[in-house]
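Residue-level listing of the chains:
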Amino acid sequence: MTTAINIPLEHVFFLALILFLIGAFGVLIRRNIIFMLLSLELMMNACGLAFVAAGARWAEPDGQIMFMFILALAAAEVAVALGLVVQLARRFETLDIDRAEELNG
Amino acid sequence: MSVWLFYIAAGVAITTAILAVTRKNASHALIYLVVTLLSIAVIFFLLGAPFAAALEIVIYAGAIVVLFLFVVMMLNLGRSSVARESQWLRPGMWVLPAILSGVLFVVFGFEVLQVENSAKIEGQVVPPKEVGKVLFHEYLLGVELAGVLLLAALVGAFHLGRRYLEERRET
Amino acid sequence: MHLLWAIPALPLAGFLILFLTEGRLPKPVVSSIGAGSVGLAALLTGYIGWQFVSSDTTEFVSSSWTWMIVGDLDVSFRLWLDELSLVMVGVITGVGFLIHWYATGYMSDEEGYSRFFCYMNLFVFAMLMLVMGDNLLLLFLGWEGVGLCSYLLIGFFHKIPEFGYAARKAFVVTRVGDTFLIIALFLLFHQVSSLNIQDGLLFARENMSEGSTINTIICLLLLGGAVGKSAQVPLQTWLPDAMAGPTPVSALIHAATMVTAGVYLIARMQDFFLLSPTAMLCVAVVGLVTLLIASFTALVQSDIKRVLAYSTMSQIGYMFFALGVGAWSAGLFHLMTHAFFKALLFLASGSVILAMHHEQNMFKMGGLWKKLPVPFIGMLVGSAALVALPLTSGFFSKDAILLKAWKNDSDFSTLFWTVAVIAAFLTSLYTVRMMALTFFGKPQSEMHELKKESLWHPSRIRTVVPFALLAVLSIAGGWLGFEFTGRLFDDKGVHAELHFDPIALLTLGIPFAGVVVGYFLFASDLLDRRILIKNRMSELVSKFWGSGWGFDKAYDTMIVNPFRFIAQTRLNRNDVVDLFFKLIKFLASLFHHILSMFQTGHIRWYAFTMLGGLLLVLLTVVWI
């Protein structure tokens, strides 16, 4: 049973790379913490895509399993991070991440 | 046909990803993100990973992004925040990240091209049953650890959220 | 056999419980944990000892846990029980338990009750590791552990500065010996490439020739360590000051167990010492010199605990002497009997001191035998054993040592024997003096009003039972010793035999002579004591003896004061030595400031540097 496509592995990797870099770019340019988290999700998806692609290359389930672990990680991260966002919005009355710089050395 | 579908989906994913990252309105950005995720799900399906595709839609697009939307709505980010975003997103700030990303793209791309040339994905479907078997045998420890991680996140989120509620009750 | 690990584990568990609860437990619970853990260990020792004696094996070995493996050095946590360690373990847990039990009453009115038992349990654990460890590093661990506990317990009443000073003195002086010991361990490892004791002994038997230089050096260094721990000349000065600790501590640590660790060490390394006649001679001489000096000093002390401390020094001197002349079994036998009767003496003196408002000066006591019958009887039995009156345990062991010394075929055996006999005579003298001043004559000061309710009252069960058991052991321990110590070493052990040659009769008679002379000197009115004291010459002598033969003063002028001079006066005003450490501090804080500049608190800056780092790594991978 195949979907009968024939894509070079590099192409999928390039797609994952581009998505990852878009996410990284987003993290770097945005000051709003919600957008940063959103970009982070994008980066994680790109990683998952690379894993699934590598798994598909050998027709093994391991790639998908790694994707599921990333999924669990993302879910945990989002739960805590959004809790922090809510706290940040309350304490500083802003979502500007540059304002929350009290943890500097 | 399927091959074209892949490239179309890839184009959609990249476009919407760029849009999601650069939008000023959080709700719009999240909707674009959903589209990105859906197109990635299509790619997963094409690659022969239907289970991953389903999870992508159900959990990522369905649960996680909706959680984002909830928070955006709860914080009530209206017009003023859009105006503030355009203030924050000055072009001058883009230069250094763009350069860094570009250099990373070149180096990463160079690495990716080192992969053996003949490697093709034939789209052999790995059904959920097989995924489940391996997941609960070889990766059982990983599953347990993921469970612990989720529990910790649950406790952490509950803790953070509860303090917020209590403070609000006092005021 | 598989329960061997539980013997040290029990006191360790007691220590951990008391340590972690930080004195929040009520006193009865503390007592039952503190004394109970050692008691259980003693019972277990009895059981394992019975199994051991009735089996044919020569040793019990527990399973081992690896401590560290570095190159050739393979150190494991493994316990080793043979006859020698069995004697030691028996003394430590058995006498230790009785002293713990006594201490539950003795310490009941003191502050830091829980802390006391916490340290005591830790001490028992460390001491057990010392004697049960199958390698020298484990022995060293226990060795330092008991040193630490000794320090903590001498300074137990830490609010009194002099006691803290005594504790530091004990710690520093024994450290000198420990340095010798660790150098000996390095040398041993260099020679044997293993720190396992049995491997070492095998190596000595098979590969070392008699009188080899390196072996002699090792033995002398080991002797240095033993001298420090066992308070022998020239490192003996800490023991009298160590009497600052509570009396049960003096009984357990500074009489029965820790100070005999040196004897154990030499006995344990027997095969090395047998190959080095020089080292053996040194052991014997050290023992004899200590024996004499300590006996003379004990004669003029006024503090009852100091008399006992010097007596302990001299008795350990006997043990060293015994080891030095090849009377291995007799030395260990004396160690065991000494543990019994000296613990008894200390505990009895403790009761007297408590009854006298913490008065330790014997000249202020007197006439106590009617008022304090239980301590009196305990003291009497202990003294009889110390003096070595026939049929007490001390008699058997001391007799065995003296006989062995006479039969020893070295050039000095007659001289050695004579000195040892003189010391035995002195032992009787100072013992009689102590008894006479404390219990007989006229009362010199008021006694504490003894309330029946107070837990330390001499007629309470927790005082009487340890006294009774120790008294029985002090008398009957002699017969017990034949069974145990008879097959310790292959020097034909100790024999119970009747012998009537002149030498034996002399050793038999000396204690009596001492007692009689002592009676006329110190107890009867027949002789005017004033002619002894008034004389200017004797005043000087007694002052000299009383100061412990001037060792403290000599060390003060030779070492302590020059060191103080260097440390406190102009020479080191600007702390030259500290400059190096200040440089380290400066560099650390400089790097800290540089690094913390990167920690701006800006998350995007962090993300940027992370990606930059990723880039660097990738570039490295691509181009290298």
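See the structure printed just above.
Residues numbered from 1 in each chain as written. Chains lettered and ligands numbered in written order. Predicted model: local features only at pLDDT ≥ 70, side-chain atom pairs only at ≥ 80, totals over all residues. Heavy atoms only, no water.

## So, the overall build of chain B
In terms of regular secondary structure, chain B is built from 7 helices and 1 strand. Looking at chain B as a whole, 36% of its 171 residues qualify as buried. Relative to all contacts within chain B whose residues are 6 or more apart in sequence, the contacts with residues 24 or more apart total 62%. Here chain B displays about 9,700 Å² of accessible surface, and carbon together with sulfur accounts for 70% of that area. (Helix = DSSP H or I, 4+ residues; strand = E, 2+ residues; numbered from the N terminus. Buried < 20%, exposed > 50% of the residue type's maximum accessible area, 1.4 Å probe, protein only. Contact = heavy atoms within 4.5 Å. Areas by Shrake-Rupley, 256 points an atom, 1.4 Å probe, with all protein chains shown as cover.)

## Points about the overall build of chain C
Across its full length, chain C holds 25 helices and 4 strands. Within chain C, the proportion of its 624 residues that are buried is 55%. The long-range fraction of contacts in chain C, counting pairs at least 24 apart against all pairs at least 6 apart in sequence, stands at 80%. Surface summary for chain C: the accessible area is close to 27,300 Å², and the carbon and sulfur share equals 69%.

## Structural notes on the environment of Phe25 of chain A
The residue Phe25 of chain A is located in helix α1 (residues 9-29) in this model. Note: C-alpha distance between Phe25 of chain A and Leu40 of chain A (15 residues apart in sequence) is 10.0 Å. In this structure, Phe25 of chain A is in contact with Trp94, Pro97, Ala98 and Ser101 of chain B, ignoring residues within four places of it in sequence.

## Re helix α4 (residues 113-132) of chain C
Here α4 of chain C contains 20 residues, and its C-alpha end-to-end distance of 29 Å stays within 8% of the 28 Å for a straight helix at 1.5 Å per residue. Most of α4 of chain C sits inside the fold, with 19 of its 20 residues counted as buried. (Expected span 1.5 Å × (residues − 1).)

## Regarding the pattern of salt bridges
Residue and element names in this part refer to chain C. Taken as a whole and assessed by the stated rule, the structure comprises 10 salt bridges over all chains. Where Lys169 meets Asp241, a salt bridge forms, and the shortest distance between an N and an O atom there is 2.6 Å. Taken as a pair, Lys169 in helix α6 (residues 161-192) and Asp241 in helix α9 (residues 238-241) lie far apart in primary sequence, 72 residues in all. Across the pair Asp271 and Arg205 runs a salt bridge whose closest N-O atoms are separated by 2.3 Å. On the criterion of sequence distance, the pair formed by Asp271 in helix α12 (residues 270-274) and Arg205 in helix α7 (residues 197-207) is long-range, its members being 66 residues apart. Residue Arg205 is classed as exposed on the basis of its relative accessible area of 51%. Overlapping salt bridges, with partners in common, bring together Lys169, Asp241, Arg306 and Asp552 in one network. (Salt bridge = Lys/Arg side-chain N within 4 Å of Asp/Glu carboxyl O.)

## Examining the interface of chain B and chain C
Across the contact, 10 residues belong to chain B and 10 residues belong to chain C. Taking both partners together, chain B and chain C bury about 890 Å²; carbon and sulfur atoms supply 91% of that area. Looking at the side of chain B facing chain C, the largest losses of area belong to Leu100, Leu104 and Val107 of chain B, adding up to 52% of the total buried there. Viewed at the interface, chain C and chain B are joined by 0 salt bridges. Linking chain B with chain C are 0 residue pairs in polar contact (both at pLDDT 80 or more), by the criterion used here. Looking at the side of chain B that touches chain C residue by residue, the class counts come to 9 nonpolar, no polar and 1 charged. (Buried area = accessible area lost by both parts, 1.4 Å probe. Polar contact = N/O pair within 3.5 Å; in protein donor to acceptor, adjacent residues only side chain to side chain. Nonpolar A, V, L, I, M, F, W, Y, C, P; charged D, E, K, R; others polar.)

## Some thoughts on the packing of aromatic side chains
The relation between two aromatic rings is expressed through the spacing of the ring centres and the mutual angle of the planes. Scanning the entire structure with this criterion turns up 28 aromatic pairs over all chains. Seen from their ring centres, Phe321 of chain C and Phe416 of chain C are 5.9 Å apart, and the 80° between their planes marks the pair as edge-to-face. Remark: Phe416 of chain C occurs in helix α18 (residues 413-439) and Phe321 of chain C occurs in helix α14 (residues 304-324); sequence separation between them is 95 residues. Judged by relative accessible area, Phe321 of chain C falls into the buried class, the value being 0%. Residue classification places Phe416 of chain C among the buried residues on the basis of a relative accessible area of 6%. For the pair Trp406 of chain C and Trp417 of chain C, a centre-to-centre distance of 5.0 Å together with 65° between the ring planes defines the contact as edge-to-face. Residue Trp406 of chain C is found in helix α17 (residues 393-407), and its partner Trp417 of chain C is found in helix α18; the two are separated by 11 residues along the sequence. Look at Trp417 of chain C and you get buried, because its relative accessible area is 7%. Three or more aromatic residues joined by ring pairs make a cluster, and in this case those are Tyr113, Phe116, Phe117, Phe156, Phe157 and Phe163 of chain C. Positioned over the ring face of Trp58 of chain A is Arg57 of chain A, at 4.1 Å from the centre of the ring. (Phe/Tyr/Trp six-rings, centres within 6.5 Å; stacked < 30°, edge-to-face > 60°. Lys NZ or Arg CZ within 6 Å of the ring centre and 35° of its normal.)

## Considering the pairing of strand β2 (residues 65-70) of chain C
Residues and elements named next belong to chain C. Burial analysis of β2 places just 0 of its 6 residues in the buried class, which makes it a mostly uncovered element. Examined bridge by bridge, β2 and strand β3 (residues 73-77) share 5 bridges and lie antiparallel to one another. Each bridged residue has a counterpart across the sheet, and for Val70 the counterpart in β3 is Leu73. Taking the residues that link successive antiparallel strands as the turn, the β2-β3 hairpin has 2 residues, and the phi of Gly71 there is positive, at about 60°. (Pairing = 2+ DSSP bridges.)

## A closer look at unusual backbone geometry
All names here are of chain C. Note the cis peptide between Val233 and Pro234, where omega equals 10°. With respect to the helices, strands and loops of the structure, Pro234 is situated in the loop between α8 (213-229) and α9. In the Ramachandran plot, Ser193 falls in the positive-phi region, its phi being about 50° despite a non-glycine side chain. Turning to its location among the elements, Ser193 is positioned in the loop between α6 and α7. Residue classification places Ser193 among the partly exposed positions, given a relative accessible area of 36%. One non-glycine residue, Leu391, lies in positive phi territory at about 75°. Its place among the elements puts Leu391 in the loop between α16 (373-387) and α17.

## Some details on the interface of chain A and chain B
Between chain A and chain B, the residue contacts involve 73 residues of the former and 88 residues of the latter. Carbon and sulfur atoms make up 77% of the surface buried where chain A meets chain B, a total of about 7,700 Å² over both sides. Three residues stand out in chain A for area buried against chain B, namely Ile5, Gln64 and Arg90 of chain A, and they jointly supply 8% of the buried area on that side. Viewed at the interface, chain B and chain A are joined by 0 salt bridges. Joining chain A to chain B, the criterion identifies 8 residue pairs in polar contact (both at pLDDT 80 or more). When contributions to the side of chain A that touches chain B are tallied by element, the ones reaching two or more residues are β1 (7-8), α1, α2 (33-57) and α3 (62-92) of chain A. Broken down by element, the side of chain A that touches chain B gets its largest block of residues, 25 residues, from α3 of chain A. Grouping the constituent residues of the side of chain A that touches chain B by class yields 50 nonpolar, 13 polar and 10 charged.

## Some details on a nonpolar patch on the surface
Residue and element names in this part refer to chain C. A cluster of nonpolar side chains, Leu583, Phe586, Leu587, Leu590, Phe591, Ile594, Leu595, Met597, Phe598 and Trp605, forms an exposed patch at the surface whose accessible area comes to about 1,000 Å². The element best represented in the nonpolar patch is helix α24 (residues 576-598), accounting for 9 residues. Within the secondary structure, Ile594 sits in helix α24. (Patch = residues over 30% accessible without salt bridge, like charges linked within 9 Å, V, L, I, M, F, W, Y side chains within 5 Å.)

## Focus: the environment of Val146 of chain C
Residues and elements named next belong to chain C. Position of Val146 relative to the elements: it lies in helix α5 (residues 136-154). Overall, Val146 belongs to the buried group, its relative accessible area being 0%. Residues Val146 and Met129 lie 17 residues apart in sequence; the distance between their C-alpha atoms is 9.6 Å. With sequence-adjacent residues up to four places away left out, Val146 is seen in contact with Phe123, Ala126, Met127, Leu130, Lys229 and Met258.

## A closer look at the packing of helix α3 (residues 83-106) of chain C against α4 of chain C
Residue and element names in this part refer to chain C. The contact between α3 and α4 brings their axes to 9 Å, and the two run at 175°. On the basis of the axis angle, α3 is roughly antiparallel to α4. When α3 is examined against α4, the residues Ser85, Met88, Val89, Ile92, Thr93, Ile99, His100, Ala103 and Thr104 are found in contact with a partner set consisting of Tyr113, Phe116, Phe117, Met120, Asn121, Val124, Met127, Leu128, Val131 and Met132. When grouped by side-chain class, the residues that make up the contact of α3 with α4 number 14 nonpolar, 5 polar and no charged. (Axes fitted to C-alpha atoms, helices over the stretch in contact; angles between N-to-C directions. Parallel < 35°, antiparallel > 145°, perpendicular 65-115°, else oblique.)

## Some points on the packing of helix α13 (residues 277-299) of chain C against α18 of chain C
All names here are of chain C. For the pair α13 and α18, interaxial distance at closest approach is 9 Å and the crossing angle is 30°. For the element pair α13 / α18, the angle class is roughly parallel. Where α13 crosses over α18, the handedness of that crossing is left-handed. Together, Leu281, Ala284, Val285, Leu288, Leu291, Leu292, Ser295, Phe296, Ala298 and Leu299 of α13 and Phe416, Val419, Ala420, Ala423, Leu426, Leu429, Tyr430 and Arg433 of α18 make up the contact between the two elements. Residues of the contact of α13 with α18, tallied by class, amount to 16 nonpolar, 1 polar and 1 charged. (Left-handed = near helix turned anticlockwise from the far one by under 90°.)

That is the geometry; function is a separate question.
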